[in-house]
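Structural overview
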Amino acid sequence: MHWNEIVTTVLLALGCVVSLTGSLGLLRMPDFYTRLHTSGKTDSLGQFLILIGLAFVTPDVLTCIKVVSVGMILMIAAPTATHAITKAAHLHDLRPWTRSDPGGEP
Amino acid sequence: MMPALSLFLLLGVFWALLSGQFHNNFLIVAGVLCITFIVWISRRMGVLDDEGVPARFYPRTLLYLPYLTWQVILSNWDVFKRIWSPSLPIDPRMAWVDYSTRHPFVTTTYANSITLTPGTVTVIVEERRMLIHCLTPDAESGLKEGDMERHVKTLED
């Protein structure tokens, strides 16, 4: 194996573990807001790791730059989307789940 | 004039990197014409100001990225442990956090950084404070210490 294939394998495996954790968090978290924490961002790091990993096995520099730009755009778009969804939920008076008030979700 | 020039250069670099056409004269001319058209339209729409094209912040934003990446990895590891832990040790709460950044681009960067780091999500941004949904008390106190805000404010100098 060439050195860049090893780096790609490690990064892809890390990305898969992080994405799997995001999905598991989505199932385990109690309410809407806490689910956004796991789905919106553990997932974005997972996708970023996968894209960076793929950037090491691209055939030429231009493709590499494109893959990295997709990752950078994702880093800006993901939190913006998360913020928009959270704000919409807050404006609709969705009460967050807390330890003292477990019946938060209507 | 400066915003128009920086937008022109930015779009030019973006077009060249995505298309990879450096040898076909017709395509280069077509690209330059398209970019000129976009800059002209933005000028007519009045979005060519310090907020629409915050080019003077870009170099310092690049310097800020390593710190942000490290914070994202650290807080990801924290949330990672909590998700896999059988007892699910979370204590979510809403918290108002004051901020003192002035320029809209810096405030946006700060709010986006907060959302990007797992454990904290920006819900509402007001004139002087933000409503943050925190997954743990540690995330809330870490934010109120203002370490990230100090790093973001270096963009404004």
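Residues numbered from 1 in each chain as written. Chains lettered and ligands numbered in written order. Predicted model: local features only at pLDDT ≥ 70, side-chain atom pairs only at ≥ 80, totals over all residues. Heavy atoms only, no water.

Focus: the overall build of chain A
Within chain A, the secondary structure is distributed over three helices and zero strands. Taken from the N to the C terminus, the helices and strands of chain A come in the order α-α-α. Scaling as 2.2 N^0.38, a compact globule of 106 residues should have a C-alpha radius of gyration of about 13 Å, whereas chain A reaches 18 Å, well beyond that. Principal-axis analysis of the C-alpha atoms places the extent of chain A at approximately 55 × 25 × 15 Å. Scored against the burial criterion, the 106 residues of chain A give a buried share of 39%. (Helix = DSSP H or I, 4+ residues; strand = E, 2+ residues; numbered from the N terminus. Rg over C-alpha atoms; globule rule 2.2 N^0.38 Å. Buried < 20%, exposed > 50% of the residue type's maximum accessible area, 1.4 Å probe, protein only.)

Some points on the pattern of salt bridges
Residues and elements named next belong to chain B. Tallying each qualifying case throughout the model produces six salt bridges over all chains. With its nearest N and O atoms 3.6 Å apart, the salt bridge here joins D147 to R150. Note that D147 and R150 are positioned in helix α6 (residues 147-153) at a spacing of three residues, about one turn of the helix. Judged by relative accessible area, D147 falls into the partly exposed class, the value being 31%. Here the salt bridges do not stand alone but share partners, grouping D91, R93, E140 and K144 into one network. (Salt bridge = Lys/Arg side-chain N within 4 Å of Asp/Glu carboxyl O.)

So, the domain arrangement of chain B
Domains assigned within chain B are domain 1 (2-45) and domain 2 (57-153). Look at where the C-alpha atoms of domain 1 of chain B and domain 2 of chain B centre, and you get two points 35 Å apart. (Domains from an automatic or database assignment.)

Observations concerning the layout of surface pockets
Here the largest pocket defines a volume of roughly 1500 Å³. For the largest pocket, the lining is made up of 39 residues, of which M72, I73 and I76 of chain A together with Y58 and T61 of chain B are closest to its centre. For the lining of the largest pocket, the element with the most residues is helix α3 (residues 61-91) of chain A, which contributes 10 residues. Classifying every residue of the lining of the largest pocket by side-chain character gives 26 nonpolar, 13 polar and no charged. (1 Å grid on protein atoms, 1.4 Å probe; cavity = no way out; pocket = protein on both sides within 12 Å on 5 of 7 lines; lining within 4 Å. Points joined across faces, edges and corners; volume = space filled by probe spheres on them. Nonpolar A, V, L, I, M, F, W, Y, C, P; charged D, E, K, R; others polar.)

Description of the pairing of strand β2 (residues 120-125) of chain B
When a strand is regular, its side chains alternate between the sheet's two faces. All names here are of chain B. Judged by how many residues are buried, β2 sits mostly within the fold: five of six residues are covered. In this sheet, strand β3 (residues 129-134) lies alongside β2 in antiparallel orientation, the contact comprising five bridges. Residue pairing in the sheet places T122 in a bridge with I132 of β3. In this structure, the hairpin formed by β2 and β3 is closed by a connection of three residues. (Pairing = 2+ DSSP bridges.)

A word on the interface of chain B and chain A
Between chain B and chain A, the contact holds 35 residues from the first and 34 residues from the second. Here chain B meets chain A over a buried area of about 3100 Å², counting both sides, of which 73% is carbon and sulfur. Counting only elements with at least two residues in the side of chain B that touches chain A, the list comes to α1 (2-19), α3 (58-84), α4 (104-116), β2 and β3 of chain B. The greatest single-element share of the side of chain B that touches chain A, amounting to seven residues, is contributed by α3 of chain B. For the side of chain B that touches chain A, the per-class residue count stands at 23 nonpolar, 11 polar and one charged. (Contact = heavy atoms within 4.5 Å. Buried area = accessible area lost by both parts, 1.4 Å probe.)

Things to note about the nonpolar core
Core analysis: the largest hydrophobic core is formed by 26 residues, its most contacted members being Y64, Y110, I114, M130, I132, M148 and V152 of chain B. Within the residue set of this core, elements represented by two or more residues are α1 (3-28) and α2 (32-55) of chain A together with α3, α4, β3 and α6 of chain B. Here the element with the most residues in this core is α4 of chain B; it accounts for six residues. Among all residues touching M130 of chain B, those that are not within four sequence positions of it are A95, W96, V97, Y99, T107, Y110, A111, I114, T122, I124 and V125 of chain B. Residues M29 and W97 of chain A together with I90 and L135 of chain B belong to the second largest nonpolar core, which totals seven residues. (Core = buried A, V, L, I, M, F, W, Y, C linked by side-chain atoms within 4.5 Å.)

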